[in-house]
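Okay, here's what each chain looks like letter by letter:
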Amino acid sequence: DVLCVEFLVSLGTAVLTIVAMPFFGIVTNVTMLNSISILSSIFQVGAQCIARERKRFIVPPLISLVLILSGYVLFILSYLLKEDRGMNVWIGLAIMGTIFVSLNWWENYSTLFKSSFLNSISEDIARCRNVVSILSSLVRIMVTAAVVGAYIPLSGRVWSSVTSVPGDVKLVILILVAVQIVSSALCHWFVVVACKMHAMRRSFLLPMYLASLGVLAAFVAPVIIFFQNSSDSRGANYTITEYCNDITYGRGLSGDTFWFERLVRDITHTLCPQHMTDLTEMGLLGGSALCWWLGWMLCTMHIWFLQLQRIERTQNLFVRRMYEGPFLEQSMLLNTRFEIQRKKTMQTDPITVYLCATMWHESYDEMMKMIISMFRLDKYRPRKDTNNDVSFESHIYFDDAFKDVKGSKGRHVNEYAEDLVEVIREVYNPPLPCQSILHTPYGGRLEYILPNGNLLMVHFKDKLLIRHKKRWSQIMYLYYILGWRLTRKYFKKFEQGGDESELREKMMVNKKDNTYLLALDGDTDFQPYAVMLLIDRLKLYPRVGAACGRIHPTGTGPMVWYQKFEYAVGHWLQKTAEHVFGSVLCSPGCFSLFRGTALMDDNVMKRYTTKATEASHYVQYDQGEDRWLCTLLLQQGWRVEYNAASDAYTNAPQDFKEFYNQRRRWGPSTMANTIDLLGSGSLTSQRNSSISKPFILYQILSMAASILGPATICLMISDIDPNVALVLATVPPVVYLLLCFKLKSDTQIAIAAVMSVLYAFLMIGTALSIIGAMVEQQTIWTPSGLFIIGLVLMNIITAALHPKEFHLVIYGLLYFISIPSGYLLLTIYSMVNMNNVSWGTRETGVHVAAPPPAKAITQRILQAKCCKFLCWDSGKVADQNGQLPETVVLANEPKVNPNLTSQDNNRYLHFECLELSLGVLQEEEDFWRELQKLYLEPLAEDKEKQKKITNDLKELRNKVTFIFFICNAMWLVATFTLQAIGTSVTIKIPKSNLNLTQTREYLFIDPVGLMFLLGFASLLLIQFFAMFYHRIYTLIHFVAFANTESKTEKRQSDDGMQVN
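Conventions adopted
Residues numbered from 1 in each chain as written. Predicted model: local features only at pLDDT ≥ 70, side-chain atom pairs only at ≥ 80, totals over all residues. Heavy atoms only, no water. Helix = DSSP H or I, 4+ residues; strand = E, 2+ residues; numbered from the N terminus. Buried < 20%, exposed > 50% of the residue type's maximum accessible area, 1.4 Å probe, protein only. Contact = heavy atoms within 4.5 Å. Areas by Shrake-Rupley, 256 points an atom, 1.4 Å probe, with all protein chains shown as cover. Salt bridge = Lys/Arg side-chain N within 4 Å of Asp/Glu carboxyl O. 1 Å grid on protein atoms, 1.4 Å probe; cavity = no way out; pocket = protein on both sides within 12 Å on 5 of 7 lines; lining within 4 Å. Points joined across faces, edges and corners; volume = space filled by probe spheres on them. Nonpolar A, V, L, I, M, F, W, Y, C, P; charged D, E, K, R; others polar. Pairing = 2+ DSSP bridges. Phe/Tyr/Trp six-rings, centres within 6.5 Å; stacked < 30°, edge-to-face > 60°. Lys NZ or Arg CZ within 6 Å of the ring centre and 35° of its normal. Core = buried A, V, L, I, M, F, W, Y, C linked by side-chain atoms within 4.5 Å. Expected span 1.5 Å × (residues − 1). Polar contact = N/O pair within 3.5 Å; in protein donor to acceptor, adjacent residues only side chain to side chain. pLDDT = per-residue confidence, 0-100. Right-handed = clockwise from strand over helix to strand, strands pointing away. Axes fitted to C-alpha atoms, helices over the stretch in contact; angles between N-to-C directions. Parallel < 35°, antiparallel > 145°, perpendicular 65-115°, else oblique. Left-handed = near helix turned anticlockwise from the far one by under 90°.

## Focus: the overall build of the protein chain
Line of reasoning, step 1. Looking only at helices and strands, the protein chain has 41 helices and 17 strands in total.
Line of reasoning, step 2. Here the protein chain, with 1060 residues, has 50% of them falling under the buried criterion.
Line of reasoning, step 3. Taking the contacts inside the protein chain whose residues are at least 6 apart along the sequence as the reference set, 79% of them involve residues at least 24 apart.
Line of reasoning, step 4. When the accessible surface of the protein chain is summed, it comes to about 50,300 Å², and 62% of that surface belongs to carbon and sulfur atoms.

## Observations concerning the pattern of salt bridges
Line of reasoning, step 1. Scanning the entire structure with this criterion turns up 26 salt bridges.
Line of reasoning, step 2. Two residues, Arg411 and Asp462, come together in a salt bridge whose shortest N-O distance is 2.7 Å. In this pair, Arg411 sits in strand β4 (residues 411-413) while Asp462 sits in the loop between β7 (455-461) and α18 (470-485), placing the two residues 51 residues apart along the sequence. Each member of the pair, Arg411 as well as Asp462, carries the same accessibility label: buried.
Line of reasoning, step 3. Across the salt bridge formed by Glu641 and Arg639, the nearest N and O atoms sit 2.9 Å from each other.
Line of reasoning, step 4. Owing to a relative accessible area of 2%, Glu641 belongs among the buried residues under this scheme.
Line of reasoning, step 5. On the basis of relative accessibility, which here comes to 15%, the residue Arg639 falls in the buried class.
Line of reasoning, step 6. Salt bridges linked by common partners bring Glu6, Arg140, Arg320 and Glu324 together as one network.

## Focus on the environment of Ile989
Line of reasoning, step 1. Tracing the sequence through the fold places Ile989 in strand β16 (residues 987-992).
Line of reasoning, step 2. C-alpha separation for the pair Ile989 and Thr782, spaced 207 residues apart in sequence, amounts to 9.0 Å.

## Regarding empty space enclosed by the protein
Line of reasoning, step 1. Overall, the coordinates contain 9 cavities of 30 Å³ or more when judged by the stated rule.
Line of reasoning, step 2. If you add up the space inside the largest cavity, you get close to 100 Å³.
Line of reasoning, step 3. Secondary-structure elements contributing two or more residues to the lining of the largest cavity are α1 (2-20) and α7 (129-154).
Line of reasoning, step 4. When residues in the lining of the largest cavity are grouped by element, the largest group, 4 residues, is from α7.
Line of reasoning, step 5. Here the lining of the largest cavity is composed, by residue class, of 5 nonpolar, 2 polar and 5 charged.
Line of reasoning, step 6. There is about 80 Å³ of room inside the second largest cavity.
Line of reasoning, step 7. For the second largest cavity, the full set of lining residues is Gln474, Tyr477, Leu478, Leu517, Ala519, Gly589, Phe594, Leu599, Asp626 and Leu629.
Line of reasoning, step 8. Of all the elements in the fold, those that place two or more residues in the lining of the second largest cavity are α18, β8 (515-521) and α26 (625-635).
Line of reasoning, step 9. Looking at the lining of the second largest cavity, the element that brings in the most residues is α18, giving 3 residues.
Line of reasoning, step 10. For the lining of the second largest cavity, the residue count by class is 7 nonpolar, 2 polar and 1 charged.

## Focus: the pairing of β8
Line of reasoning, step 1. Within β8, 7 of the 7 residues are buried, leaving the element largely enclosed by the surrounding structure.
Line of reasoning, step 2. The two faces of β8 match: Thr515, Leu517, Ala519 and Asp521 on one face and Tyr516, Leu518 and Leu520 on the other face are all buried.
Line of reasoning, step 3. Looking at chain direction, strand β1 (residues 351-359) and β8 are connected through 7 bridges and run parallel. Each residue of the ladder has a partner; that of Thr358, found in β8, is Asp521.

## Things to note about the sheet that holds β1
Line of reasoning, step 1. The 10 strands are arranged β5-β6-β7-β2-β1-β8-β11-β10-β12-β9 in an open sheet whose pairing can be described as mixed. Strand pairing shows two members of the sheet lacking a second neighbour, β5 (435-440) and β9 (525-526), which therefore form its edges.
Line of reasoning, step 2. Where β1 and strand β2 (residues 390-398) come together, 9 bridges link them in parallel fashion. Bridging from a neighbouring strand, Val353 pairs with Phe392 of β2.

## Thoughts on the packing of aromatic side chains
A ring pair, where both rings are aromatic, is described by two values, the distance of the centres and the angle of the planes.
Line of reasoning, step 1. Tallied over the full model, the rule gives 32 aromatic pairs.
Line of reasoning, step 2. When the centroid spacing of 5.8 Å and the interplanar angle of 85 degrees are considered together, the rings of Tyr562 and Phe659 count as edge-to-face. Residue Tyr562 is found in helix α22 (residues 558-581), and its partner Phe659 is found in helix α27 (residues 656-679); the two are separated by 97 residues along the sequence.
Line of reasoning, step 3. Of the residues examined, Tyr562 reaches a relative accessible area of 5% and is grouped as buried.
Line of reasoning, step 4. Taken together through their ring pairs, the aromatic side chains of Tyr562, Phe565, Phe656, Phe659, Tyr660, Tyr815, Tyr823 and Tyr829 make up a single cluster.
Line of reasoning, step 5. Between Arg467 and the ring centre of Trp472, over which it is positioned, the NZ or CZ distance is 4.4 Å.
Line of reasoning, step 6. Sitting above the plane of the Trp638 ring, Arg543 keeps its charged end 3.8 Å from the centroid.

## Brief notes about the environment of Leu758
Line of reasoning, step 1. With respect to the helices, strands and loops of the structure, Leu758 is situated in helix α32 (residues 745-777).
Line of reasoning, step 2. Separated by 63 residues in the primary sequence, Leu758 and Ser821 place their C-alpha atoms 9.8 Å from one another.

## Quick look at the nonpolar core
Line of reasoning, step 1. Residues Val353, Ile396, Leu420, Phe460, Leu518 and Phe591 are the most contacted members of the largest nonpolar core, which totals 60 residues.
Line of reasoning, step 2. If you tally residues by element for this core, the top one is helix α16 (residues 364-380), at 10 residues.
Line of reasoning, step 3. Residues contacting Leu420, with those up to four places away along its chain left out, are Met359, Met367, Ile371, Ile396, Phe398, Val458 and Phe460.
Line of reasoning, step 4. In this structure, Tyr480, Leu629, Leu633 and Leu677 belong to the second largest nonpolar core, which totals 53 residues.

## Section: helix α17 (residues 415-427)
Turn by turn, an α-helix covers 3.6 residues, leaving residues three or four places apart pointing in a common direction.
Line of reasoning, step 1. Over its 13 residues, α17 extends 18 Å from the first C-alpha to the last, a length consistent with the 18 Å expected when each residue adds 1.5 Å.
Line of reasoning, step 2. Counting buried positions along α17 gives 11 out of 13 residues, so the element sits mostly inside the fold.
Line of reasoning, step 3. By the N-cap criterion, in which a side-chain oxygen at the helix start approaches the backbone nitrogen of a residue two or three places on, α17 is capped by Asn414, the distance to Tyr416 being 3.2 Å.

## What about the confidence of the model for the protein chain?
Atomic detail in the predicted coordinates should be set aside for any region of low pLDDT.
Line of reasoning, step 1. Averaged over all residues, the pLDDT of the protein chain is 81; the fraction at 70 or higher stands at 82%.
Line of reasoning, step 2. Put simply, helix α36 (residues 857-862) is where the protein chain has its lowest mean pLDDT, 32, and strand β11 (residues 591-595) is where it has its highest, 96.
Line of reasoning, step 3. Under a pLDDT of 50 for its full length, residues 844-917 has, in the predicted model, 159 contacts with residues more than four places off or in other chains.
Line of reasoning, step 4. Low confidence marks residues 1051-1060, where pLDDT is under 50. Its contacts with residues over four positions away, or in another chain, come to 17 contacts.

## Describing the pairing of β2
Line of reasoning, step 1. With 8 of 9 residues buried, β2 lies mostly within the body of the structure.
Line of reasoning, step 2. Between β1 and its parallel partner β2, the chain crosses via α16, and the hand of that crossover is right-handed.
Line of reasoning, step 3. Strand direction decides the pairing type here: β2 and β7, joined by 6 bridges, are parallel. Counted as the bridge partner of Tyr397 is His459 from β7.

## Brief notes about the side chain of His361
Line of reasoning, step 1. As for its placement among the helices and strands, His361 is situated in the loop between β1 and α16.
Line of reasoning, step 2. A polar contact of 3.2 Å, which involves the side chain of His361, links it to the side chain of Trp360.

## Here we look at unusual backbone geometry
Line of reasoning, step 1. The phi dihedral of His198 is positive, around 60 degrees, even though this residue is not glycine.
Line of reasoning, step 2. Along the chain, His198 falls in the loop between α9 (167-196) and α10 (200-234).
Line of reasoning, step 3. A relative accessible area of 22% places His198 in the partly exposed class.
Line of reasoning, step 4. Residue Asn603 is not a glycine yet carries a positive backbone phi of 60 degrees.
Line of reasoning, step 5. Relative accessible area serves as the criterion here: at 47%, Asn603 is assigned to the partly exposed category.

## Topic: the packing of helix α4 (residues 59-80) against helix α5 (residues 88-101)
Line of reasoning, step 1. With their axes 10 Å apart at the nearest point, α4 and α5 run at an angle of 165 degrees to one another. Relative to α5, the element α4 lies roughly antiparallel. Crossing of α4 over α5 shows right-handed handedness. Listed contacts from α5 to Tyr72, Phe75, Ile76, Tyr79 and Leu80 of α4 are Asn88, Ile91, Ile95, Thr98 and Ile99.
Line of reasoning, step 2. Looking at the contact of α4 with α5 residue by residue, the classes come out as 8 nonpolar, 2 polar and no charged.

In structure tokens:
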């Protein structure tokens, strides 16, 4: 059935454009194309009748149908009045062709007629869209060839008239074909961009409506101008009929004319068969043209009111992937999705986003950034607004929040937890209203109602009650939000006798798909628009399991400057390449949005709870938990995306030691997860459509470049002086490698810092030596010269395409001279210290004093406007100095309150001057205890097991370091051997000077080095083109966001939160 329709459409297109249209004038042909909307008008009338909406919705397509039919009648009458019987056949073929072509968009209305047959066909086409497109193209080629083959002999022509075309005419035809193809493709792309940017009315509809008029004006205006010029020279009595006769018979016209004048003659020649002085004929033709144009406009008027998401997929905008080149503007409008206009718009289910921040030893200022960001979101989407498309709820999981105090039986919250409460009090303006203070099986919980109604929960974890560290905090909020909050009410309804399939459908479709989790670190700073852009990515593509934004490191000092450029290059090139060609491999835990359905998939959330039992587990699971979670998502078929316009800011290590310790975790974890993903590459590519075999090859090449990075740095430095190349390339790294096995971590870092300074001077010397060699040889056309120049230009162009970040190019100089430190010394340090699985940062326990003096939590609570909980007890606990501690106390032996049950008295938090005996619901308490029992019980110390793991980690470290050493040593030996052998095994390249004139000298390059250089350059070029493509679509998304947000929301998003 589909192929039959395609056959009729192809036949109509060929007959209309090849057979019929040559017999009509340009004006008639241009306007006749608007009549191909006739069947679309009929379908719209039928669909509106079936929908039984308001009668006014059926008026535009009904009038459109009447106008198009009237246009046909006027068109026929204009030729019948001439009594030219020879035109009857071509008129009939033209009308038949337009009707056949109008079948092309039947699929736009197939699902509106409530026909199971049509619905099944549409579903089959959607599943096999690529196959249908290929078969449709083949049918069109064959039908067009058949029409041409039949028309030439039937019209009395011979094939030689077609094949014997002069060379200059062939060139013109080829140019016109190329212009048609390129312009049509660009028009289609810009239409898609305009729709996605929500500029549909001004950048799509109006230009398309005016295209026909513009074409007519472009054709007719020169004819009128030339006629006026001729009448001026021939006299006032010179008529248009005489002008047409002169053009037809070539009288009084020079043969040596400009190409534009010849083009105007051809246009005039096509208009001359019409009797331009016959007002009746011209009126009929003009009336038919106007009727067709107005009918086409009314038929596509529904697009004016089409409701779009913030950013739409192309397949949701247009029914067919292909556009029709012969009638481009008509096909683009008729191919746009048609929707029944209803009295009330359908409300979509709102998205619920849970902000989940993990905290530990953040400073006061770092906490302030994250809390202000949460308050911004509360202001941006108030819970009071019932029309919100997104609702937010914030959770903070505070690790290791309690401490022992001498002289007290209870556990007190530490100074970091106190600072967090102080920050919330300071940011909250006006003073804090009612809040809940709950005792929980894992410690305690504070619940705040933010100024605009959204909820903020602070979960204080006691490491004696529940497992600590970041991954286990993530498991806490994954199971609490997705396992308890999300599914509890459905289980209750099921226990009350609800239908299982209906409840499962509601839970699976409505709630899980519309529940997102925003993972945050305790120092992340972001604006509301950044979150909304990530939400758009997940709403747009149902198979996107996570999306991350552009992370900006903050801080001061050379180490932060280095990281600013490092982060920039990583996001500009590496993450965009992963996004475009496959999938992002790591969505950082400091600012990433996850889909609830993806996290609840098989072997994702459950496997994420796996406790490390082997040495490799400690490296892969706990050293880079965000990368491992993304690996699990990818292996289950989910896609991870990157949005460059979604900005977030996080504190970066500011001293050398902290930086090295951070990267000591990240380096091995990145490699372990990449190897895990590549090891399951065949299975992953079957499950995940984003992970293709070429993308796996790209990752393999990137991994190879990373492994050979130390040797490559050595070779680059050795170019300074070939006589001491071997010493400079091998001795310092080998010595540092041996020292790392013997010395403590702090000493290793101190040595690396000194060597980094020395290597920085060597890098400056290397750069100067390359420049000097180009000057001495009077050429830049060497592999090293071209590579350096190309690398500099690529980074400058890339930065220019990120105008707000262009200033980061300045830090590129520091990044360049620090390459040996980051890619040689840091690699050695990371490999040798792989057995150290401590966190490495924020482990000092040194408390950063808050700017304002911290007040007692009791005073903060009593400052609330209204407090529903009475101060039942004013017992005080003195510390060893006799001073009252300004801390929260978790009492082990609470006093019994007669107004509460014994069960409630066993669960409460003890404050100075305030005891709130309030606990969570019994069901929630049971949930937490079961979760603790299954996954989160504190790990018992087993010295024998710890000793075994320590030995296993050292053994793993030794194996990995040996492999790294051997690979890099073999690379160095191979390169130096080829250089020592001489010209017999090198590639000889003719030397050219600056103006590309070849000299009689030659350049000798070893093949191994050239191969690596070409491979690395190829990776950079791939990343550069991916970046350029990604920038275009990032701009489209950002403009769409700006066009769809209200002025108030945009002002709230742009304005920072003022802290009083």
